[in-house]
Structure formats: C-alpha cells, structure tokens
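# Notes for the structure review
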Amino acid sequence: MRSLLALVTASGFLCLAGPAAAQPVGQFPFALTREGQMLGGVEGEVAFFKGLAYAAPPVGPLRWRPPEATEESSEMRTAYEYGAACPQSSLPNAREDCLTLNVFRPFGVDGPLPVMVFVHGGGFVSGTVNDPLFDGARLAQAGLIVVTVNYRLGVLGWLTHPALSEGGSGNYGLMDQVAALRWVHDNIAAFGGDPGNVTLFGSDAGATSIALLMLCGEARGLFQKAILQSLPGRVRLLSRQEAEALGLQFVATLGQDGTDPRAIAPARLLAAESKLLARSPHGFAPAIDGGLVTEDVAAGFAAGHQGRIPLIIGANDDETGFDSEPEIAEALASSGATPEQLRKLYLDLARPSDLAARVYTDKVFSEPVRLLARLHAATGAPTFRYRFAYVPEARRANPEGGHGRELQFIFGAEGVPGAGILSRRDREVASRMRAYWINFVRSGDPNGPDLPRWDAAAGSDRLLLMTNDTIASGDDPLAERLDRLAR
C-alpha cells in the first residue's frame, strides 16, 4: 500500500520537477536521470529503484564491444523489478540485456548521503546482484545510498580475440564496471547521494575487479574508498597473447559455419564456454590488455600505481567452498613446502583435508591480503586489515565452506538462499561488522563509539580479528606461517 501511495504522490509532483538534480526524495521515491524520470518503490524505511540501465543493451552489433551510453529520455519509468541477470550456465532465464544496477536509499532522509557500490563475485563467470543475499536495504537504513551492479560475465564479458580488437578486446566486464561508476558519478545526486563520497566493496572476483579499478586510470576519481573482501591478491592475470590464444580456441569450438559470432545464440556460446572452462578454469577473466589493465594486482600495488585511497582489506579464516577442490590442489602444489614441512606449520590440524584447506586459504587469500595491506599502507593511505573467523552458531557443527560467509553479516540478510537465520549472538556480530563498514564509508575510518578499536595496519602486522569469542585488534597470530608461505 505504501508503494502505491508513493506512486500516486509522485505522479502529482513530477510535472513540477526541474532538471536532473538532487530532489527532495524524502517525500516520494523518484529521481530524474538522463534516461528519464525513475519512479521507485518503498518497503519499510527504504526506497528502492531496481533494474536501472547504466549502458545500452550489449546485444547484436554491440556484443563484445565497450558499453555505450543509453539514450536520453524524458519519459517516466517504473523501477520496481530487478533487470535480468547476465548470461551464465546456471541461470537459464538470464539475458544479454543485463547492464543494470539497483539503488537503495533511506526513505524520508535528505542527502547528500555517502554511497556504497557493490561488485559481486562468482569467478567472473557467474553471479548477479539480483540475489536476495545482496539486498541493500539493511545498509541503506543506516543513512547510506547502496548501489549494486550487474556486469557481463564469462565469454560475453572477457573474450579476447583478434577479430574483436575495435574499441578494445576482452575485459568487457571491467569496462561495464567503469561505465556503471560513471553513471553513479553523473546520476547519484538525483537519488540523494554524494558523488564525491563513493566507496566500492566486493568479495572474490568483485574484490579483484575493485583492485584493478584502483590501478585503472579510467576509473580514477570515480570512487574515493575501497573495501576488498577475500581478494586472491597474487593471482597472475593472463597476458594478451594467452587470452587471445584461448579466444581462438573458443571460436574454433563453435565450428566454421560462417556465422558471425555476434549472431550466435547465447545458449550455444554458453555450451562452448563450459567446454573451455573444463580445460582452462580461469579462461574467462580479466587479462592484461595494455590499456584498461596493464599489470597484475600485486605488481601494481608494489609499484605504488594504485589510487592512494582509504582501504579495508581482509579475508576469512576459511576460504574453501563447494568449487575450490582444484584450487586447493593447485595451492598445495605451489606452496613450495613438502607435506612434512606443512604439517610442522599446521600442528593443530591432523586430517589431511583440513591441512589442505588451510594451506589453500593462507596461500591464496591470507598471505596475499597481508602483502597488499603492507604495500598500500606504505603509500601513506589509511589501511585497515581484518580476518573474519566467526561461524554462525547453527553451523559450528559443520562449518565447511567459509568463502563468502562474511557477506550475510554485512548485508544483514536472513532466511534467503545462502543466508540462514542468525542467532542473537550472530546478529550482534553482524551489527558490529556492519557498523565498521558503515563508519568507513562515511569517513574513511571504521572506528566509532561502542566498537572495539580497529588499529590501522601501517608499519605493523596489526589486524582486526573477528572470532567466535571476540572482536579485537592484535598482532597477526599467523605471521610466522604466512612468512613461510610468502617465500
């Protein structure tokens, strides 16, 4: 009923509105953008605008091309429903017309408000912010604007091929993210947001994307702070030559029937994508193209090429997941230590499976995160490192699969797929963790009243430890182990 009332109220006022600018959105949820007059809905204390196009649909001749601006319009459009997810094998209803974002804002609160932009993970081949786990309402209730972004994935997002070189080849998903940030910069004031106070946050592939955006000249100035969650910071990106070789392999699997790849049905592309990923699990991901991406994340941070902005960076105590078995084997093989040496490093772990999982977590996430925190702090930028080791009380008897566990605590989701019901103690931890993130978004410092002190990482191995028993800053208890894995 409240959404319907807002629609009627807004309809009466739209004819009086001026040009695209910040509106008194506390009275009715609408916003004037270059794409038209966007009318949102209200649920509880939060107004939402879903399925907003930030770029033209990348279909037909626009497939495998940089995102193009949407057409300017003065029409009124409703924004009540999520747009389609980007094509991926696990979602049969996904569509190529997927370059949309969603905006959540507190209802009845005037701006300008700080802005959080979420970039989802999924290994660059899956995922969508339409997932109810990523509903931005709980964060928005704290007085923030929350933006969640879909971007091209898999073969449609990352294919590098000599025939697609016009306007840049590959890295289309990253180009989409830059386009979404430009949209936020140009339009977020119309929703009550402050385009000069934007924080990016994301996990896994989302965190990798944000780290690359910190190194990207085209994204400079479009965001002022970053939160990198579970970043595999030492992962080596494909060179342009390697990416093109995989692209040629992919096109070859489509057959030589003379059909323009831009006219091939998405289902056929996804079937061919699955075959290539079975041989090369990281075949569709950001690659060094010499333009948008010029270096690996660790190399760029070591050279000080990243934007010197306030940063939160951390990982979970357990980063294993349902699809991490090949990565675990790879981490063990690349650890540089014999099984006997590893057992001495991890004396508390008796089962080989537990040992393998912990080496994977430390080798791929914990040690690289520490490295990037040290490198960023060395530039003089405020840097805060964390390790999230809290397990929801209902899952402590079977705590496997910790990758992404922190997301439920940050978004505050409960009772949806991937996020069960939290206990009272779980909610207390979630409230504190969310408060750190919110404080950081507002000021660049996560500390605030009634929160345990979070020491900056500058010049030390300090980090915030969030365990089942406590939340406190301290020296990293894994320092010696991580030193060994870093060699």
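We now turn to the structure provided with this report. In every chain, residue numbers begin from 1 and rise along the written sequence. With the structure being a predicted model, the display of local features is reserved for residues of pLDDT at least 70 and the display and counting of side-chain atom pairs for 80 or more, all residues being used for whole-chain, interface and lining totals. Only heavy atoms go into the side-chain values, all of them from the structure, while hydrogens and water stay out.

## Observations concerning the state of the cysteines
Note on terminology: disulfide describes a covalent bond linking the sulfur atoms of two cysteines. The rule for a disulfide is simple: a pair of cysteine sulfur atoms within 2.5 Å. By the definition in use, this model includes 1 disulfide. Shown here is the disulfide that connects Cys86 with Cys98, its sulfur atoms set 2.0 Å apart. On the sign convention where negative is left-handed, the bridge of Cys86 and Cys98, at about 95 degrees about the S-S bond, is right-handed. Within this pair, whereas Cys86 is found in the loop between β5 (76–78) and β6 (100–106), its partner Cys98 is found in the loop between β5 and β6, the two being separated by 12 residues in sequence. The exposure classification of Cys86 matches that of Cys98, with both residues buried. Starting at the N terminus, helices and strands are each numbered in turn, a helix being any DSSP run of H or I of at least four residues and a strand any DSSP run of E of at least two. A simple rule labels every residue: compare its accessible area, found with a 1.4 Å probe on the protein chains alone, to the largest value its type can have, and call it buried under 20%, exposed over 50%, or partly exposed in between.

## Topic: the sheet that holds strand β1 (residues 30–33)
Should DSSP find at least two bridges between two strands, the strands are taken to pair. Taking strand neighbours across the sheet as the criterion, the 3 strands line up as β1-β2-β5 in an open arrangement whose pairing is mixed. Unpaired on one side and paired on the other, β1 and β5 mark the two borders of the sheet. Each adjacent strand pair in this sheet contributes to an overall mean axis angle of 25 degrees, direction not counted. Relative to strand β2 (residues 36–39), β1 runs antiparallel, the two sharing 4 bridges. Residue Leu32 lies in a different strand from β2, and its bridge partner there is Gln37. Note on geometry: axes are C-alpha line fits, over the in-contact stretch for helices, and angles between N-to-C directions span 0 to 180 degrees.

## Side note on the nonpolar core
Nine residue types can take part in a nonpolar core, namely buried Ala, Val, Leu, Ile, Met, Phe, Trp, Tyr and Cys, and a core is a set of them joined through side-chain atoms within 4.5 Å. Counting 85 residues, the largest nonpolar core has Tyr54, Val147 and Phe223 as the members making the most contacts within it. Here the element with the most residues in this core is helix α4 (residues 172–187); it accounts for 9 residues. With residues up to four places along the chain from it excluded, the contact list for Phe223 reads Leu181, Val198, Leu200, Leu213, Met214 and Ile309. With 39 residues, the next largest nonpolar core counts Phe118, Phe134, Val429 and Val441 among its residues. Two residues qualify as a contact provided that any one of their heavy atoms is within 4.5 Å of a heavy atom in the partner residue.

## Topic: the packing of aromatic side chains
Within a pair of aromatic rings, the relevant descriptors are the distance that separates the centres and the angle that separates the planes. Centres within 6.5 Å are what make two rings of Phe, Tyr or Trp a pair, Trp counting through its six-membered ring; a difference in plane orientation under 30 degrees is then read as stacked, over 60 as edge-to-face, and the rest as tilted. Across all of its chains, the model carries 17 aromatic pairs by this definition. Between Tyr360 and Phe365, the aromatic rings sit 5.9 Å apart at their centres with planes inclined by 80 degrees, giving edge-to-face as the arrangement. Ring geometry for Tyr386 versus Trp454: centroids 6.4 Å apart, planes at 90 degrees, classification edge-to-face. On the criterion of sequence distance, the pair formed by Tyr386 in strand β12 (residues 383–388) and Trp454 in the loop between α13 (424–443) and β13 (462–466) is long-range, its members being 68 residues apart. Residue class for Tyr386 comes out buried when judged on its relative accessible area of 1%. Through successive ring pairs, a cluster of aromatic residues spans Phe384, Tyr386, Tyr436, Trp437 and Trp454. Consider the ring centre and the ring normal. A charge sits over the ring if Lys NZ or Arg CZ is within 6 Å of that centre and within 35 degrees of that normal. Seen from the ring of Trp64, Arg63 lies directly overhead, with NZ or CZ sitting 5.5 Å from the centre. The side chain of Arg396 reaches across the aromatic face of Tyr390, ending 5.0 Å from its centre.

## What about the environment of Trp64?
Within the fold, Trp64 resides in the loop between β4 (46–53) and β5. Taking the C-alpha atoms as reference points, Trp64 and His161, separated by 97 residues in sequence, lie 9.8 Å from one another. Leaving out residues up to four positions away in the same chain, Trp64 has contacts with Arg152, Val155, Leu156, Leu159, Leu164, Tyr172, Pro261, Arg262 and Leu269. A polar contact is formed between the side chain of Trp64 and the backbone oxygen of Val155, at a distance of 2.9 Å. A 3.5 Å cut-off defines polar contacts: any pair of N or O atoms within that distance qualifies, except that in protein one atom must be a possible hydrogen donor and the other a possible acceptor, and neighbouring residues in sequence count only when both atoms are side-chain atoms.

## Focus on helix α7 (residues 266–279)
Taking 1.5 Å as the rise per residue, α7 with 14 residues should run 20 Å; its terminal C-alpha atoms sit 20 Å apart, in good agreement. Listing the buried residues of α7 in full gives Leu269, Leu270, Ala272, Glu273, Leu276 and Leu277. Within α7, the buried residues cover an arc of 165 degrees as seen down the axis, which keeps them to one side. Those residues of α7 that are exposed and aimed more than 90 degrees away from the buried face are Ala267, Lys275 and Ala278. Of the surrounding secondary structure, the elements contacted by the buried residues of α7 are α3 (154–158) and α6 (240–253). Between the first and last residue of a helix there are one fewer steps than residues, each counted as 1.5 Å, and that sum is the expected span. Working definition: the arc comes from the directions between the helix axis and the C-beta atoms, pointing outward to the latter.

## Observations regarding the packing of helix α9 (residues 325–333) against helix α11 (residues 352–377)
The geometry of α9 relative to α11 is characterised by a closest axis approach of 8 Å and an angle of 75 degrees between their N-to-C directions. Here α11 runs roughly perpendicular to α9, going by the angle between their axes. Two secondary-structure elements touch here, α9 through Glu327, Ile328, Ala331 and Leu332 and α11 through Ala356, Ala357, Val359, Tyr360, Lys363 and Val364. Each residue gets one of three labels, nonpolar for Ala, Val, Leu, Ile, Met, Phe, Trp, Tyr, Cys and Pro, charged for Asp, Glu, Lys and Arg, and polar for the others, Gly among them. Looking at the contact of α9 with α11 residue by residue, the class counts come to 8 nonpolar, no polar and 2 charged. An angle counts as roughly parallel when it lies under 35 degrees, as roughly antiparallel when it exceeds 145, as roughly perpendicular when it falls between 65 and 115, and as oblique in every other case.

## A few points about the layout of surface pockets
A probe matching the size of a water molecule, rolled over the atoms, marks out where space remains unfilled. For the second largest pocket, the calculated volume is near 470 Å³. Cavities and pockets were defined on a 1 Å grid built over protein atoms only: a cavity is a set of grid points that admits a 1.4 Å probe from which the probe cannot escape, a pocket is an open set flanked by protein on both sides within 12 Å along at least five of seven lines, and lining residues are those with an atom within 4 Å of any such point. Together, 22 residues line the second largest pocket, and Asp318, Asp354, Arg358, Pro399 and Glu400 are the ones closest to its centre. Sorting elements by how many residues they give to the lining of the second largest pocket places α11 first, with 5 residues. Grid points are joined across faces, edges and corners, and a volume is the space filled by probe spheres set on the points.

## What about the pairing of β4?
Most of β4 sits out of view: 6 of its 8 residues are buried. Two elements, strand β3 (residues 41–43) and β4, share 3 bridges in a ladder whose sense is antiparallel. Bridge pairing links Val42 to Ala47 in β4. The pairing of β4 with β6 spans 6 bridges and is antiparallel. Looking at β6, one finds that Ala47 is bridged to Arg105.

## Thoughts on unusual backbone geometry
Trans peptide bonds make up most of the peptide bonds, and negative phi angles are found at most residues other than glycine. Of note, the amide linkage connecting Gly111 to Pro112 takes the cis form, showing an omega dihedral of 5 degrees. By the secondary structure assignment, Pro112 is in the loop between β6 and β7 (113–119). We note that Trp64 has phi near 55 degrees; this positive angle belongs to a residue other than glycine. We note that Asp204 has phi near 55 degrees; this positive angle belongs to a residue other than glycine. On the secondary structure map, Asp204 appears in the loop between β9 (193–203) and α5 (205–214).

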